[in-house]
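Residues per chain are reported as follows:
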Amino acid sequence: QVQLVESGGGLVQAGASLRLSCAASGRTFSSYGAGWFRQAPGKEREFVASISWRGATSSYGNSVKGRFTIAKDNAKNTLWLQMNSLKPEDTGVYYCAAASTILATMRETDFRSWGQGTQVTVSS
């Protein structure tokens with residue numbers, strides 16, 4: 001089982017940037033893909049980005065393409081999400097997740113371990 005702890009959330013103005021981090025414990029984190037999801041108040045959790053086990057490939061949700069970048073450092077057991085040009089609609093709780101596949105999957109059912117989430121609030 002992989003334990004995941006997110007950090008880096010906060011309150012920013014529209015147009016600003018934030019970098020989320022996810023520290024993983026457990027030796028299997030480096031062997032599988034990972035990703036980020038978010039959940040806005042009153043809405044279902046949605047896919048944001050994912051990355052393959054070695055970081056060679058990545059996938060992004062349509063709403064964040066070109067603005068967000070996902071990265072993974074297996075030596076440090078860390079996952080990041082660089083978020084640029086933030087918009088109020090990016091507001092939500094962001095969750096780090098470890099996949100059960102080596103691929104940059106977009107399917108929520110492919111993720112087996114989840115962090116507790118970090119709040120991101122973007123004001124207009």
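Being a predicted model, the structure only gives us computed values, none of them experimental. (Residues numbered from 1 in each chain as written. Predicted model: local features only at pLDDT ≥ 70, side-chain atom pairs only at ≥ 80, totals over all residues. Heavy atoms only, no water.)

### Thoughts on the overall build of the protein
Point 1. Counting secondary structure elements, the protein contains 0 helices and 11 strands.
Point 2. Here the C-alpha atoms of the protein give a radius of gyration of 13 Å, agreeing with the 14 Å that 2.2 N^0.38 yields for 124 residues.
Point 3. The dimensions of the protein, computed from C-alpha atoms along their principal axes, are 40 × 25 × 25 Å.
Point 4. Taken over 124 residues, the protein has a buried fraction of 45%.
Point 5. Counting only contacts in the protein whose residues sit at least 6 apart along the sequence, the fraction spanning at least 24 positions is 60%.
Point 6. Carbon together with sulfur atoms contributes 49% to the accessible area of the protein, which is approximately 6,200 Å² in total.
Point 7. Here the protein contributes 13 positively and 8 negatively charged side chains, and the mean placements of these two sets differ by 7 Å. (Helix = DSSP H or I, 4+ residues; strand = E, 2+ residues; numbered from the N terminus. Rg over C-alpha atoms; globule rule 2.2 N^0.38 Å. Buried < 20%, exposed > 50% of the residue type's maximum accessible area, 1.4 Å probe, protein only. Contact = heavy atoms within 4.5 Å. Areas by Shrake-Rupley, 256 points an atom, 1.4 Å probe, with all protein chains shown as cover. Lys, Arg positive; Asp, Glu negative; His and termini not counted. Charge placed at Lys NZ, Arg CZ, Asp CG, Glu CD.)

### Regarding the side chain of Ser59
Point 1. Structurally, Ser59 is set in strand β6 (residues 58-60).
Point 2. At 3.0 Å, the side chain of Ser59 forms a polar contact with the backbone oxygen of Ala104.
Point 3. For Ser59, the residues in contact, after removing those within four places along its chain, are Phe47, Val48, Ala49, Ser50, Ala104 and Met106. (Polar contact = N/O pair within 3.5 Å; in protein donor to acceptor, adjacent residues only side chain to side chain.)

### Concerning the state of the cysteines
Point 1. Taken as a whole and judged by the stated rule, the model has 1 disulfide.
Point 2. Residue pairing for Cys22: its cysteine sulfur links by disulfide to Cys96, the two sulfurs lying 2.1 Å apart. Note on the Cys22 and Cys96 pair: the S-S dihedral is about -75 degrees, so by sign convention the disulfide is left-handed. In this pair, Cys22 sits in strand β3 (residues 18-25) while Cys96 sits in strand β9 (residues 92-99), placing the two residues 74 residues apart along the sequence. (Disulfide = S-S within 2.5 Å.)

### Regarding the sheet that holds β3
Point 1. An order of β1-β3-β8-β7 is seen for the 4 strands of this open sheet, with the pairing classed as antiparallel. Every other strand in the sheet has two partners, leaving β1 (3-7) and β7 (68-73) as the edge strands with one partner each. Sheet twist, expressed as the average angle between the axes of neighbouring strands with direction ignored, equals 15 degrees. (Pairing = 2+ DSSP bridges. Axes fitted to C-alpha atoms, helices over the stretch in contact; angles between N-to-C directions.)

### Observations concerning the packing of aromatic side chains
Point 1. Tallied over the full model, the rule gives 4 aromatic pairs.
Point 2. On the basis of an interplanar angle of 75 degrees and a centroid distance of 5.6 Å, the ring pair of Phe37 and Phe47 is categorised as edge-to-face. On the criterion of sequence distance, the pair formed by Phe37 in strand β4 (residues 34-39) and Phe47 in strand β5 (residues 46-51) is long-range, its members being 10 residues apart.
Point 3. Ring plane angle 80 degrees and centroid distance 5.0 Å describe the contact between Phe37 and Phe111, whose orientation is recorded as edge-to-face. Taken as a pair, Phe37 in strand β4 and Phe111 in strand β10 (residues 111-114) lie far apart in primary sequence, 74 residues in all.
Point 4. The buried category is assigned to Phe111, whose relative accessible area is 7%.
Point 5. Taken together, the aromatic side chains of Phe37, Phe47, Phe111 and Trp114 make up a single cluster linked through ring pairs.
Point 6. Geometry around Trp114 places Arg45 over its ring, the cationic atom sitting 3.8 Å from the centre.
Point 7. Directly above the ring of Tyr32 sits Arg112, whose terminal nitrogen or CZ lies 4.7 Å from the centroid. (Phe/Tyr/Trp six-rings, centres within 6.5 Å; stacked < 30°, edge-to-face > 60°. Lys NZ or Arg CZ within 6 Å of the ring centre and 35° of its normal.)

So, to be careful, I would describe these as geometric facts and stop short of saying anything about function.
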